[in-house]
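If you want the building blocks of each chain, they are given just below.
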Amino acid sequence: TDDQDPETLRQRALSALLTARDRTALLTGCVEDPDLTAQHSPLMSPLVWDLAHIGNQEEQWLLRAVAGQEAIRPEIDPLYDAFEHPRAERPSLPLLPPSEARRYAAEVRGRALDVLERTPFEGSALTQAGFAFGMIAQHEQQHDETMLITHQLRKGPAALSAPDPEPLSSPYTGPAEVLVPGGPFTMGTSTEPWALDNERPAHVRLVPPFFIDTTPVTNAAYQAFIEDGGYDDPRWWAPEGFTHIKAHSITAPLFWRREGGQWLRRRFGVTEAVPPDEPVLHVGWYEADAYARWAGRRLPTEAEWEKAARHDPGSGRSMRYPWGDADPTPERANLGQRHLRPAPAGSYALGESPLGVRQLIGDVWEWTASDFLPYPGFAVFPYREYSEVFFGSEYKVLRGGSFAVDAVACRGTFRNWDYPIRRQIFSGFRTARDVTPGDGVADGLVDG
Ligand code: AVJ
Ligand code: FE
């Protein structure tokens, strides 16, 4: 198909690399140098680390691995190896100062565009369909999301701004949940050219029927959980989650504060009232899991989430996105830091799935019930440290992407993961439930 045509892919790679660099330039150019070298939170790197790390990964994969070039500055590799130095340690390293980091990333990029122009998009697995270029554009966009998190954690006046999403033109009047019919569905992909190793291979899963929310859980709904004493009731919590929130005096989503009977939140340097109809943001997995139990529901498994997002009951086929195979547009999903917040729940009618589920892509990363595990037939590609070293029960999977991630790093098969205590990420959730006899769903495994 056209999607796999080498010249189309080369154009896509070029534009994805340029888009990522524009965003990186904005995120590292909107504050003065001291803000780039400071550590705004022990959870995050100084912004100048991300900047040079972006360049260093690009050098390693596009200049050295693809083009066989010599290292530009071999001595800096260990500084920017995420596994050698945990984030909390990075400010004390002899990092490249901002001007040098910029010059280094620009030098790498100049050469990488040259490599892009003359590399055949076939032959080795790394260059097949331009994979390495797509991987590096995704890597930069992932760090652009990470840097946006750093901006959110940064104290002081706003450095970034963006227009708000459109308010709902009319209230969302669809059902609160829909039935996803049981039966087999194809999870993961073997054909998406730039899908990362953990999204592969495509494989069939038998998913029993279930109900899933048509929109992410809103601030208003989450406030009802708080007001009902949810944070003080161990019945709703995984035991280690309850211990954690009590040990850290967690009583609301991160960045929230109660004042005069009203919930306020700080968002990119501005304090504002918590908007009731917006998807809840900055909750950890333990909070999402507890809310769901309080609501008499549960988090969807990762397979359920992906089936809701990709299964076309008409054809039985798994699509790239909820709306079909076409790329995301601003009418379909809130992606790419166009807005610095999620859109109201019920937005993006044009992005809904055939069954009527909205906002699966964009707005907020959605916690799922599942641990981050390899699919059957998983093969490391191209390096163990992207996914394999994280597999196990320590991490929970998040799906669907947030307003902060670019479309190049977000699709129906894309898998993100984090610790269940993490809340600085742009995370929310939706809930699901099993079918019960009262629902009148005839057979356990009907396929619509
Ligand atoms: C997939 C978002 C968990 O940021 O740790 C960036 C992406 N991997 N550089 C992360 C990543 C290497 C990764 N996540
Ligand atoms: Fe990285």
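These numbers come from a predicted model, not from an experiment.

Student: Give me the lowdown on the overall build of the chain, citing residues and values where you can.
Tutor: When helices and strands are counted, the chain shows 9 helices and 12 strands. The C-alpha radius of gyration of the chain comes to 22 Å, within 12% of the 22 Å expected for a compact globule of 448 residues. Across the 448 residues that make up the chain, the buried fraction comes to 46%. Counted over contacts in the chain with a minimum sequence separation of 6, partners at least 24 positions apart contribute 79%.

Student: Tell me about the UniProt feature "binding site: gamma-L-glutamyl-L-cysteine" (unreviewed entry) in the chain, and name the residues and values.
Tutor: Sequence positions flagged by UniProt for "binding site: gamma-L-glutamyl-L-cysteine" (unreviewed entry) are, in local numbering, Arg87, Ala88, Glu89, Arg90, Asp418 and Arg422. Examined against the element boundaries, Arg87 turns out to sit in the loop between α3 (47-66) and α4 (98-118). Beyond its immediate chain neighbours, meaning those up to four positions away, Arg87 contacts Leu43, Met44 and Ser45. Relative to the elements of secondary structure, Ala88 occurs in the loop between α3 and α4.

Student: Give me the site of ligand 1: which residues, what numbers.
Tutor: Every residue near ligand 1 is listed here: His139, Gln142, Thr146, Tyr386, Asn416 and Trp417. The set of elements that each furnish at least two residues to the shell around ligand 1 consists of α5 (131-153) and β10 (415-418). Among the elements that line the shell around ligand 1, the one with the most residues is α5, at 3 residues.

Student: Tell me about α3, and name the residues and values.
Tutor: Compared with an ideal rise of 1.5 Å per residue, which puts 20 residues at 28 Å, α3 spans 27 Å between its outermost C-alpha atoms and is within 8% of the ideal. Considering bend angle alone, the principal kink of α3 is centred on Glu59 and spans about 30°. Judged by how many residues are buried, α3 sits mostly within the fold: 16 of 20 residues are covered. Positive phi appears at Gly68, one or two residues downstream of α3, with a value of about 70°.

Student: A description of the packing of helix α1 (residues 6-29) against α5 should follow, citing residues and the corresponding values.
Tutor: Their axes nearest at 9 Å, the elements α1 and α5 cross at an angle of 20°. For the element pair α1 / α5, the angle class is roughly parallel. Here the hand of the crossing between α1 and α5 comes out left-handed. Contacts between α1 and α5 pair Ala13, Ala16, Leu17, Ala20, Arg23, Thr24 and Leu27 from the former with Phe133, Gly134, Ala137, Glu140, Gln141, Asp144, Met147, Leu148 and His151 from the latter. A per-class count over the contact of α1 with α5 returns 9 nonpolar, 4 polar and 3 charged.

Student: Outline the pairing of strand β5 (residues 256-259), listing residues and values.
Tutor: Sheet analysis places β5 next to strand β6 (residues 262-267), joined by 4 bridges and oriented antiparallel. Pairing of Trp256 across the sheet is with Arg265, part of β6. With antiparallel pairing between neighbouring strands as the criterion, β5 and β6 make up a hairpin whose turn holds 2 residues, including Gly260 at a positive phi of roughly 55°.

Student: Could you give me a rundown of the sheet that holds strand β11 (residues 427-428), with the residues and numbers involved?
Tutor: Across the sheet, 4 strands lie side by side as β10-β9-β8-β11; this open sheet has mixed pairing. The sheet terminates laterally at β10 and β11, the two strands that pair on one side only. Pairing geometry for strand β8 (residues 365-372) and strand β9 (residues 392-399), over 4 bridges, is antiparallel. Bridge assignment links Glu366 to a residue of β9, and that residue is Arg399.

Student: Give a detailed account of the sheet that holds strand β12 (residues 432-434), specifying residues and quantitative values.
Tutor: One open sheet accounts for 3 strands, arranged β1-β4-β12; its pairing is antiparallel. The open sheet has two free edges, formed respectively by β1 (177-180) and β12, since each of these has just one partner strand. Neighbour-to-neighbour, the strand axes of the sheet open up by a mean angle of 25°, direction not taken into account. Sheet analysis places strand β4 (residues 210-213) next to β12, joined by 3 bridges and oriented antiparallel. Of the residues in β12, the one forming a bridge with Ile212 is Ala432. Contacting β1, β4 and β12, helix α9 (residues 302-310) crosses the sheet at an angle of about 70° to β4.

About the cut-offs
- Numbering of residues begins from 1 in every chain and follows the order in which that chain's sequence is written.
- Whichever chain is written first is A, and whichever ligand is written first is 1; the rest continue in order.
- For a predicted model such as this one, the threshold for reporting local features is a pLDDT of at least 70, and the threshold for listing and counting side-chain atom pairs is 80 or more; totals across whole chains, interfaces and linings nevertheless cover every residue.
- The numbering of helices and of strands both runs from the N terminus, where a helix is a DSSP run of H or I of at least 4 residues and a strand a run of E of at least 2.
- Each radius of gyration reported is based on C-alpha atoms, and the globular scaling rule is 2.2 Å times the count of residues to the power 0.38.
- Residue burial here comes from a neighbour count, namely the number of other C-beta atoms, placed from the backbone, that lie within 10 Å of the residue's own C-beta, with 20 or more meaning buried, 12 or fewer meaning exposed, and in between meaning partly exposed.
- Two residues form a contact once the distance between their C-beta atoms, set from the backbone, is within 7 Å.
- UniProt positions are given in the numbering used here, feature names are shortened, and annotations may be inferred rather than shown by experiment.
- Here, nearness is defined through the C-beta atom: a residue counts as near a molecule or strand if that backbone-placed atom lies within 6 Å of it.
- By definition here, a helix of n residues has an expected span of 1.5 Å times n minus one.
- Bend, at a single residue, is the angle you get between axes fitted to the 7 residues ending at that residue and the 7 residues starting at it.
- Lines fitted to C-alpha atoms define the axes here, with helix axes fitted over just the stretch in contact, and angles between the N-to-C directions of these axes take values from 0 to 180 degrees.
- Note on angle classes: values under 35 degrees are labelled roughly parallel, values over 145 roughly antiparallel, values of 65 to 115 roughly perpendicular, and the remainder oblique.
- Each crossing gets its hand from how the near helix is turned against the far one by less than a right angle, where anticlockwise is left-handed and clockwise is right-handed.
- Under the grouping applied here, Gly and all other residues not named as nonpolar or charged are polar, the nonpolar ones being Ala, Val, Leu, Ile, Met, Phe, Trp, Tyr, Cys and Pro and the charged ones Asp, Glu, Lys and Arg.
- For two strands to count as paired, DSSP must find a minimum of two bridges between them.

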